[in-house]
Amino acid sequence: AENRNVRSVFREWLDAVKDVKLPVLTLSSRQLRVLEGTTVEGAHRDMSQNRELIMQTASNFSAFLDEAVSQAEATWALAVIMRHARLVHPHQDVRETQDARMYLFPLVPLLDVQLHPDPAVAISFQEEILLDGKREEEMVLQIARRDMPKGEEVFLWPGRLSNSEMVIRHGFAFPRNPLGVGPNISVPANWSPNKDTKIRREYDKFNCSSLESFELRVNALGHPQQNFVRCFRVSWFLNNGWYSPAFTGRMRELNAWPPPKRYTKDDWLAWTQADAEVNRVVLDYCRMMKQQLKDTMDSDIAEDFRASSDPMDKLLWQLRSE
């Protein structure tokens, strides 16, 4: 609606993002063929459905009663949201009851800020309430996690995106991305959606507060993500009667992968069995994905993309081999 208003107060920003595209929606049928069998094979379908949703629901707003949203407008709006919306954490007083939300910041200077895959490096946004005299004002701030010297570059976090997800959303991949390919969620048998249950409070002690913690994502070395290893172990202990509140003091062991050759504490058998189950789940997933990739590719397509000089073809082939 704002983009249709030539006098919009956001006109400078809207003009700056007028050519934004979502790479996955620009791919040819030939290029989409390469996504088959990968962890992002459903991305084109999902984004197409999101575009249709925008077109179907826009009429609920009075601004679109006279003229419906066109497919081109919906495609552009979706691209802007997917590429420029940023995660904002709620104020610390309400974080137990409110989840983080996505915001669009119509500020032109932010468009040139580089992305970084590590949330420990990129500076996140969060809501804060500041006092202006006697008046409280709600604001969104960037708060550094450490002292930063003047002139140091500031990065934005694109979200929990693997390189495969970065390619189909932003059209590039990071040289080093701590988030592996996936996701494949292993929902614990005792998981409860109710945050106030006793079992959820136990999981929270290990920062396993959402199902994202149980996403099996594998990095370039074939290792599962640290969060998954820790939370899967905790889940195994809870479900098999080996759990102890004292495990909160053994975070280093819970995070370690590959596991040590031997454990020295009395509960070594339980830890060894938990590790065996983690290893089984990871191997089963890797075998499944390897077979899936093999079944969805033939020699003619492989040779075509290996020989291609097109930048997107190269990115997609790299995505497939990731």
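Small disclaimer: the values here were computed from a predicted structure and weren't measured. The residue numbering used here restarts from 1 in each chain and proceeds along that chain's sequence as written. Reporting in this predicted model follows two pLDDT cut-offs: at least 70 for local features of residues, and 80 or more for side-chain atom pairs to be given and counted; totals over whole chains, interfaces and linings ignore these cut-offs and use all residues. Side-chain measures here rest on the full set of heavy atoms in the structure, leaving out hydrogens and waters.

A. Quick peek at helix 9 (residues 268-295). The terminal C-alpha atoms of helix 9, which comprises 28 residues, lie 40 Å apart, in line with the 40 Å expected from a rise of 1.5 Å per residue. Within the sequence span of helix 9, burial applies to Ala 270, Trp 271, Ala 274, Asp 275, Val 278, Val 281, Val 282, Tyr 285 and Met 289. Contacts: residue pairs with any heavy atoms within 4.5 Å of one another. Secondary structure elements follow DSSP: runs of H or I of four or more residues count as helices, runs of E of two or more count as strands, with numbering from the N terminus. On the buried face of helix 9, the contacting elements are helix 7 (226-239) and helix 8 (251-255). Expected span, for any helix, means 1.5 Å times one less than how many residues it has. Accessibility here uses a 1.4 Å probe with only protein chains present; expressed as a share of the type maximum, an area under 20% marks a residue as buried, one over 50% as exposed, and anything in between as partly exposed.

B. Region of the structure containing the state of the cysteines. Only a pair of cysteine sulfur atoms within 2.5 Å qualifies as a disulfide here. Counted according to the given criterion, the structure contains one disulfide. Shown here is the disulfide that connects Cys 208 with Cys 231, its sulfur atoms set 2.1 Å apart. Where Cys 208 bonds to Cys 231 through sulfur, the torsion about that S-S bond is close to -95°, and the disulfide is left-handed. Of this pair, Cys 208 sits in the loop between helix 6 (198-204) and helix 7 while Cys 231 is found in helix 7, placing the two residues 23 residues apart along the sequence. Residue classification places Cys 208 among the buried residues on the basis of a relative accessible area of 0%. Assessed through its relative accessible area of 0%, Cys 231 is described here as buried.

C. Highlighting the pairing of strand 4 (residues 135-142). Paired strands are those between which DSSP finds at least two bridges. Direction of pairing for strand 3 (residues 125-132) relative to strand 4: antiparallel, over a ladder of eight bridges. Looking at the pairing, Glu 128 lines up with Met 139 of strand 4. Connecting strand 3 to the antiparallel partner strand 4 that follows it, the hairpin turn spans two residues, and Gly 133 within it adopts a positive phi of roughly 70°.

D. Here's a closer look at the sheet that holds strand 2 (residues 101-103). Taken in spatial order, the four strands make up an open sheet running 2-1-3-4, and their pairing is mixed. Strand pairing shows two members of the sheet lacking a second neighbour, strand 2 and strand 4, which therefore form its edges. Put simply, the sheet's adjacent strands are angled 45° from each other on average, direction ignored. Working convention: axes come from line fits to C-alpha atoms, limited for helices to the stretch in contact. Angles between N-to-C directions cover 0 to 180 degrees.

E. The packing of helix 5 (residues 163-170) against helix 11 (residues 311-321), seen in detail. It is the contact of helix 5 with helix 11, at a shortest axis distance of 9 Å, that shows an interaxial angle of 155°. Here helix 5 is positioned roughly antiparallel relative to helix 11, judged by the angle of their axes. Along this stretch, helix 5 crosses helix 11, giving a crossing that reads as left-handed. Residue-level inspection shows Ser 164, Val 167 and Ile 168 of helix 5 in contact with helix 11, the latter providing Leu 315, Leu 316 and Leu 319. The nonpolar class holds Ala, Val, Leu, Ile, Met, Phe, Trp, Tyr, Cys and Pro. Asp, Glu, Lys and Arg form the charged class, and all remaining residues, Gly among them, are polar. Class assignment for the residues of the contact of helix 5 with helix 11 results in five nonpolar, one polar and no charged. Any angle from 65 to 115 degrees is called roughly perpendicular, while one under 35 is roughly parallel, one over 145 is roughly antiparallel, and all others are oblique. Two helices cross in a left-handed way if the nearer one is turned anticlockwise from the farther one by less than a right angle. They cross in a right-handed way if the turn is clockwise.

F. Up close: the packing of aromatic side chains. Whether two aromatic rings pair depends on their centres lying within 6.5 Å, for rings of Phe, Tyr and Trp, where Trp uses its six-membered ring; planes under 30 degrees apart make the pair stacked, over 60 edge-to-face, and the rest tilted. In total, this model carries 15 aromatic pairs according to the counting rule given. Seen from their ring centres, Trp 191 and Phe 214 are 5.6 Å apart, and the 75° between their planes marks the pair as edge-to-face. Placement of Trp 191 in the loop between helix 5 and helix 6 and of Phe 214 in the loop between helix 6 and helix 7 is noted, with a sequence separation of 23 residues between them. Each of the two residues, Trp 191 as well as Phe 214, counts as buried. Centre to centre, the rings of Phe 237 and Phe 247 are 4.8 Å apart; their planes meet at 50°, and the pair counts as tilted. Of the two residues, Phe 237 is situated in helix 7 and Phe 247 in the loop between helix 7 and helix 8; the sequence distance between them amounts to 10 residues. Phe 247 carries the same exposure label as Phe 237, and that label is buried. Joined through ring pairs, the aromatic side chains of Phe 206, Trp 236, Phe 237, Tyr 243, Phe 247, Tyr 263 and Trp 271 make up one cluster.

G. Structural detail: the packing of helix 3 (residues 43-57) against helix 4 (residues 71-84). Where helix 3 meets helix 4, the closest approach of the two axes is 9 Å, and the angle between their N-to-C directions is 120°. Crossing of helix 3 over helix 4 shows right-handed handedness. Contacts from Met 47, Asn 50, Arg 51, Glu 52, Ile 54 and Met 55 of helix 3 reach helix 4 at Gln 71, Ala 74, Thr 75, Leu 78 and Met 82. Residues belonging to the contact of helix 3 with helix 4 are distributed by class as follows: six nonpolar, three polar and two charged.

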